[in-house]
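# Close look at the chain arrangement
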There are 2 protein chains.
Amino acid sequence: MTQNADATRHRDKMQKIKAARDRMMATKTDEKGLIIVNTGTGKGKSSSGFGMIMRCIAHDMPCAVVQFIKGNWSTGERSFLQHHFSSQCRFVVSGEGFTWETQDRDRDIAAAQAGWEQAKALIRDPEIRFVLLDEINIALRNDYLALDDVLAFLRDEKPPMTHVVLTGRNARPELIELADLVTEMTLVKHPFRQGIKAQKGIEF
Amino acid sequence: MTQNADATRHRDKMQKIKAARDRMMATKTDEKGLIIVNTGTGKGKSSSGFGMIMRCIAHDMPCAVVQFIKGNWSTGERSFLQHHFSSQCRFVVSGEGFTWETQDRDRDIAAAQAGWEQAKALIRDPEIRFVLLDEINIALRNDYLALDDVLAFLRDEKPPMTHVVLTGRNARPELIELADLVTEMTLVKHPFRQGIKAQKGIEF
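This is a predicted model, so every value here is computed, not measured.

## Concerning the pairing of strand S4 (residues 130-134) of chain B
Residue and element names in this part refer to chain B.
- Judged by how many residues are buried, S4 sits mostly within the fold: five of five residues are covered.
- Where burial is concerned, the two faces of S4 agree: the one with Phe130, Leu132 and Asp134 and the one with Val131 and Leu133 are both buried.
- Here S4 runs beside strand S5 (residues 163-167); their pairing, made up of four bridges, is parallel. When the bridges of S5 are listed, Leu132 appears paired with Val165.

## Describing the interface of chain B and chain A
- Chain B puts 75 residues into the contact, and the matching count from chain A is 75 residues.
- Contact between chain B and chain A buries roughly 7,000 Å² in total, counting both sides, with carbon and sulfur atoms accounting for 62%.
- Taken as a group, B:Met54, B:Arg55 and B:Gln103 account for 12% of the area that chain B buries against chain A, more than any other trio of residues on that side.
- Taken together, the connections running from chain B to chain A amount to four salt bridges.
- Put simply, B:Lys197 and A:Glu31 hold a salt bridge, and the shortest N to O gap is 3.7 Å.
- Taken together, the elements giving at least two residues each to the side of chain B that touches chain A come down to helix H1 (2-26), helix H2 (45-58), helix H3 (76-84), helix H4 (99-102), helix H8 (173-178) and strand S6 (181-189) of chain B.
- The residue makeup of the side of chain B that touches chain A, split by class, is 31 nonpolar, 24 polar and 20 charged.
- Bridge count for strand S6 (residues 181-189) of chain A against S6(B) is seven bridges, and the pairing is antiparallel. Looking at the pairing, A:Thr186 lines up with B:Glu184 of S6(B).

## Section: the relation of the copies chain B and chain A
- For the pair chain B and chain A, the relating rotation is 180°, the translation along its axis is 0.0 Å, and the fit reaches an RMSD of 0.0 Å. Here the transformation between the copies is reduced to the relation of a two-fold axis.
- A shared interface surface links the copies, since 100% of the contact residues of chain B are contact residues in chain A too.

## Brief notes about the domain arrangement of chain A
- As far as domains go, chain A holds domain 1 (1-30) and domain 2 (31-194).
- The straight-line distance from the C-alpha centre of domain 1 of chain A to that of domain 2 of chain A is 39 Å.

## Notes on the pattern of salt bridges
Residues and elements named next belong to chain B.
- Scanning the model with the defined rule gives 16 salt bridges over all chains in all.
- Between Asp6 and Arg9 there is a salt bridge, with its nearest N and O atoms 2.6 Å apart. Taken together, the residues Asp6 and Arg9, both in helix H1 and three residues apart, mark about one turn of the helix.
- Asp6 sits in the partly exposed class, given a relative accessible area of 39%.

## Re H2(B)
- Here H2(B) contains 14 residues, and its C-alpha end-to-end distance of 21 Å stays within 8% of the 20 Å for a straight helix at 1.5 Å per residue.
- For H2(B), the buried fraction is high: 13 of the 14 residues fall into the buried class.

## Things to note about the side chain of B:Ser47
- Summarising the element assignment, B:Ser47 is placed in helix H2.
- Sequence-distant contacts of B:Ser47, that is, excluding residues within four places in its chain, are made with A:Ser47, A:Ser48, A:Gly51, A:Met52 and A:Arg55.

## Some remarks on the nonpolar core
- A:Ile53, A:Leu81, A:Phe130, B:Ile53, B:Leu81 and B:Phe130 are the most contacted members of the largest nonpolar core, which has 44 residues in total.
- Apart from residues lying up to four places away in sequence, A:Leu81 is in contact with A:Phe50, A:Ile53, A:Ile57, A:Val65, A:Ser86, A:Cys89, A:Phe91 and B:Met54.
- Of all hydrophobic cores here, the second largest spans 32 residues; its members include A:Ala64, A:Ala119, A:Ile128 and A:Leu145.

## Quick notes on helix H7 (residues 147-156) of chain A
Residue and element names in this part refer to chain A.
- Every buried residue of H7 is accounted for by Leu147, Val150, Leu151, Phe153 and Leu154. Along the axis of H7, the buried positions cluster into a sector of 165°, meaning they face one direction only. Seen from the open side of H7, the exposed residues pointing more than 90 degrees away from its buried face are Asp148, Arg155 and Asp156.
- Those residues of H7 that are buried are in contact with strand S1 (35-39), helix H5 (105-124), helix H6 (136-141), strand S5 (163-167) and helix H8 (173-178).

Rules and cut-offs
- Residues numbered from 1 in each chain as written.
- Chains lettered and ligands numbered in written order.
- Predicted model: local features only at pLDDT ≥ 70, side-chain atom pairs only at ≥ 80, totals over all residues.
- Heavy atoms only, no water.
- Buried < 20%, exposed > 50% of the residue type's maximum accessible area, 1.4 Å probe, protein only.
- Helix = DSSP H or I, 4+ residues; strand = E, 2+ residues; numbered from the N terminus.
- Pairing = 2+ DSSP bridges.
- Contact = heavy atoms within 4.5 Å.
- Buried area = accessible area lost by both parts, 1.4 Å probe.
- Salt bridge = Lys/Arg side-chain N within 4 Å of Asp/Glu carboxyl O.
- Nonpolar A, V, L, I, M, F, W, Y, C, P; charged D, E, K, R; others polar.
- Least-squares fit on C-alpha atoms with pLDDT ≥ 70 in both.
- Domains from an automatic or database assignment.
- Expected span 1.5 Å × (residues − 1).
- Core = buried A, V, L, I, M, F, W, Y, C linked by side-chain atoms within 4.5 Å.
- Arc of directions from axis to C-beta.

Set out below in structure tokens:
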């Protein structure tokens, strides 16, 4: 009897929550192409972008990736997409590695700018619905790309229904201001501190 | 001349950074199966887990997903993995939806416990290298699963080289304590607040 009363109480409570939630969700009717920023020092900025790429491929939404910094890494995500899904997802590699690897600022700048030119063409392409600009925040933070150009393009030239995701730590405040969806990946605990190296499947 | 001097200064600085970084990375030599927690109210907890699944498939690491809460959602990630990669990635659906959808606490508990039994078998399987327990934090927070059982299993029975990722908001502090890698996805800005609904490719 008590158990039945508990179950009834739970159901009543959940029905109220559901009704309130349904009312709230009924006000969320619009669709738009989002400007999404994943930033912060924690893990998951790029991998979350690639998780969304997986969703796009599942829904037959043509998509694209421009990788701005980790170009010389042989990442799992790159080989996966190039090998299995090259017709659904365009993959552009710009940049040749972390700034301390290339040691040549002019080359870094040229690579970032070439990547941005390709990014603009992909975003403008009416077929493409989702573009991941992986680690572009690093290129913006290092002034490899002019912030105002990137902001103006996203604001004025991005097709209204195209989603663009910009990842990398230290996102510029002006970009955060412009974006629709911003997540800060906050580092709580990281195994590098225990002497654990970057591992397959996890970091690359 | 000034430009050359600048380039030289940049190269010298980057060489120092690289040397320091190489020394630091040389101390990171160990590998181990990680307990990874993605929590917080921001976006990217599950999608980052699925991005790691993409990396695992790319590296031929057999992997598995147990979805604890969103079972009745027709998610892109589920159809993608079941359709294309059922031999590389086992996919178990437990749970029938959010707690306010099912409105039946006993059924929720039974579903979560059945999911946990399957999760344990997958984690114990010596072939499987990476297991994503999607939204298990919700099941733990609602006491659908006994926290002590989950902690004891992860501590004592998880094979040392198997990675386990646990997602969902409100991760229990004891789980955070046990984990190797913890990220809090912090909500900075979300388009629901602008009346934008959940969209394909982004949320599911």
